[in-house]
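Commentary on secondary and tertiary structure
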Amino acid sequence: MVATLLRLRFLVLANTLKRSKWQLVAVIIGAIYGLGILFFAIVGLIALSFGPVSLATTIVTLAGSALIAGWILIPLFATGIEQTLEPARLVQFPLPMSKLLVGLTVAGVLGVPGAITTIAALGTVATWIRYPFAAVATVVCSLLGVLICVIGSRMVAALSVSLSSNRRFRELSGILIFIPLILLGPIIVGVSRGISSSADALPAVAQSLSWTPLGAPWSVPADLAVGDYGAAGLKFAITLITLVLLAFVWRRSLATALVSPPANAGRKVARGKVGLFGVLPATPAGAVAARALTYWRRDPRYARQLIVVPLIPVLLYFYSSRMDSLALLNLTGPLIAFVLSLATYADISYDGTAFATHVAVGVRGRDDRLGRAIALAVIALPIVVVLTIASVAVSQSWALLPALFGLALGPMLSGIGLTAVTSARIIIPVPAAGDNPFKSRPGAGFTTALSGFATWGILLLLALPEIVLGVLAIILGSALLGWLALLVSVVLGATFAVVGIRRGGALYDRSAPELLARLRMLRGA
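Let us look at the structure shown here. (Residues numbered from 1 in each chain as written. Predicted model: local features only at pLDDT ≥ 70, side-chain atom pairs only at ≥ 80, totals over all residues. Heavy atoms only, no water.)

Turning to the overall build of the chain, a few remarks are in order. Helix and strand counts for the chain come out as 25 helices and zero strands. The contacts of the chain with a sequence gap of at least 6 include a subset with a gap of at least 24, amounting to 80%. Looking at the chain as shown, the accessible area adds up to about 25600 Å², and 73% of this sits on carbon and sulfur atoms. (Helix = DSSP H or I, 4+ residues; strand = E, 2+ residues; numbered from the N terminus. Contact = heavy atoms within 4.5 Å. Areas by Shrake-Rupley, 256 points an atom, 1.4 Å probe, with all protein chains shown as cover.)

What follows covers helix α21 (residues 365–395). For α21, with 31 residues, the first-to-last C-alpha span of 44 Å sits near the 45 Å given by 1.5 Å per residue. Along α21, the sharpest change in direction is near 30° and occurs at A377. With its phi angle positive at about 55°, Q396 sits one or two positions after the end of α21. (Expected span 1.5 Å × (residues − 1). Bend = angle between axes of the 7 residues up to and from the residue.)

Grouped together as the largest cluster of nonpolar side chains are 35 residues, with contacts concentrated most on W128, L224, W250 and L254. Residues within four places of L224 in sequence aside, it is in contact with F133, A134, A137, Y229 and A232. Membership of the second largest hydrophobic core comes to 29 residues, among which are Y295, L329, L376 and I416. (Core = buried A, V, L, I, M, F, W, Y, C linked by side-chain atoms within 4.5 Å. Buried < 20%, exposed > 50% of the residue type's maximum accessible area, 1.4 Å probe, protein only.)

In this section: helix α15 (residues 284–298). Taking 1.5 Å of rise per residue, the 15 residues of α15 would be expected to cover 21 Å, and the 21 Å separating its terminal C-alpha atoms lies within 8% of that figure. Where burial is concerned, most of α15 is hidden: eleven out of the 15 residues are buried. Against α16 (300–303), α19 (347–351), α20 (356–361) and α21 lie the buried residues of α15.

In this structure the tally under the stated criterion is four aromatic pairs. Arranged with centres 5.4 Å apart and planes meeting at 75°, the rings of F39 and F40 form a pair that is edge-to-face. Judged by relative accessible area, which is 52%, F39 ranks as exposed. Classification of F40 by relative accessible area gives exposed; the value is 61%. Taking the centre distance of 5.8 Å and the plane angle of 90° together, the rings of F355 and Y508 count as edge-to-face. Taken as a pair, F355 in the loop between α19 and α20 and Y508 in helix α25 (residues 479–523) lie far apart in primary sequence, 153 residues in all. By the burial criterion, F355 is buried, and Y508 matches it. Directly above the ring of W211 sits K235, whose terminal nitrogen or CZ lies 4.7 Å from the centroid. (Phe/Tyr/Trp six-rings, centres within 6.5 Å; stacked < 30°, edge-to-face > 60°. Lys NZ or Arg CZ within 6 Å of the ring centre and 35° of its normal.)

For Q396, which is not glycine, the phi dihedral falls at a positive 55°. Structurally, Q396 is set in the loop between α21 and α22 (401–422). What makes Q396 exposed here is its relative accessible area of 58%.

Mapped onto the elements, P429 comes out in the loop between α22 and α23 (444–462). Each C-alpha atom of the pair P429 and S349 lies 7.2 Å from the other, and the pair is 80 residues apart in sequence.

Scanning all chains against the criterion turns up eight salt bridges. The salt bridge partner of K235 is D223, with a shortest N-O separation of 2.8 Å. Of the two residues, K235 is situated in helix α14 (residues 229–259) and D223 in helix α13 (residues 216–225); the sequence distance between them amounts to twelve residues. The salt bridge partner of D351 is R372, with a shortest N-O separation of 2.7 Å. With D351 in helix α19 and R372 in helix α21, this pair connects stretches of sequence that are 21 residues apart. You'll find D351 and R372 in the same group, each marked buried. Linked by salt bridges that have partners in common, R291, D347, D351, D368, R369 and R372 make up one network. (Salt bridge = Lys/Arg side-chain N within 4 Å of Asp/Glu carboxyl O.)

A few words now on the environment of P132. Here P132 shows up in helix α7 (residues 132–159). Along the primary structure P132 and P221 are separated by 89 residues, whereas in three dimensions their C-alpha atoms are 10.0 Å apart.

Between α22 and helix α24 (residues 464–476), the shortest axis-to-axis distance is 8 Å and the interhelical angle comes to 165°. Relative to α24, α22 is oriented roughly antiparallel. Here α22 runs over α24; the crossing is left-handed. Where α22 approaches α24, its residues A403, L404, G406, L407, G410, P411 and S414 are matched on the opposing element by E466, I467, G470, V471, A473 and I474. (Axes fitted to C-alpha atoms, helices over the stretch in contact; angles between N-to-C directions. Parallel < 35°, antiparallel > 145°, perpendicular 65-115°, else oblique. Left-handed = near helix turned anticlockwise from the far one by under 90°.)

These values are about where atoms sit, not about what they do.
Following this line, the structure appears as structure tokens:
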């Protein structure tokens, strides 16, 4: 049974990679990146063997604690660690619980994250190689630490089955975790200041963590190295008890999830309520716009692109304050314009096989492109205008307002026209409706990044005239150039928007069946 589960896990992975060369390339690049990190980690662990025991104890305990915490927290914001063998996929199979637990554990250890974690954990043997007794204990404790990582993550995944069956939980958890990632720069600066102001804090933190399930497995060899056998024995006991408790809770929660899996509750809509379809004009373009705006309101895959709107001015204000000048804050409007203008560059990908409705009813390409463009403009243009004015008001740079509007409105309008073309051509793997909005398949990140960077490059070329005029107006302090930049941006932007909608509509009319076929292939239909 265990061998069958492992064979299934690697067979699904192999078939997934065979379907797309880009997915295979991305996996290879990811593996190289992981091996690079592993190499530097091993080098660092070897270097610690030549330093003081206290330094090695602090670094190994803190790093090991962070490792376990990461393994346990990730399932809260993703659909399990291993999607192939997640509990929800095994509900309908009568598998013996003991063999299922062993199979899932071994699959977790043999996965790419598990293998890298295991090698890095065993690398701590090099740190304690000068203390033979501690080095031998490191092998046992490191393997126990890896098992805590894997079993802890599996336990959390099983416990969260009932929560993750709730669509809103999956969507909001995936979005909220993105906020600290965007603010990572200020967070790191703040933590660094705190650490530099109290250099003795880290050893104290490591000492405290060593008595918790997070740090106990990694601190046992350190206690043996200094001859504190009593503390080492107690921490080893904490490690074993932690592993047993995690396995027990995992078994119970997994049994519950397999026997009585939760069901998704359907969303009830009041009779006669048509939402935005009753507000916008009863035309094909109006219907498409209403549908797209409904996505922007309710679909977190669209809403996640609005996260950066409040965070960009926060980041710019933070970095401006460090430069003792608020000039950088004035870029708020242009940056948000660039980001939002390309938010729908692969819009049809998010429709999924529901795009068949457009094809079946014969929506004209021009109406489809116009409706989606209106929806994007309704969302993005007010945001860009308001934040551009707000940034100028804070920095008291009113003389730069025309130039900044030129830098924002031109790319915004040009981007609307550009996405009208690209979204009728580009189909990329995206999370399905109801999935974690940041979930991706192997290789999807590379494919998305490649097409996204190409689209950004084209937009920069289209907006180059107003960018040059706007930058010159700001550098030279010329009001004339600023108003000229605004005029050029509006004229060129509107022209590119109209041309893009027409060209995109013609492309849509020719390729709609092909787009639907590619969407079905991505969905496995």
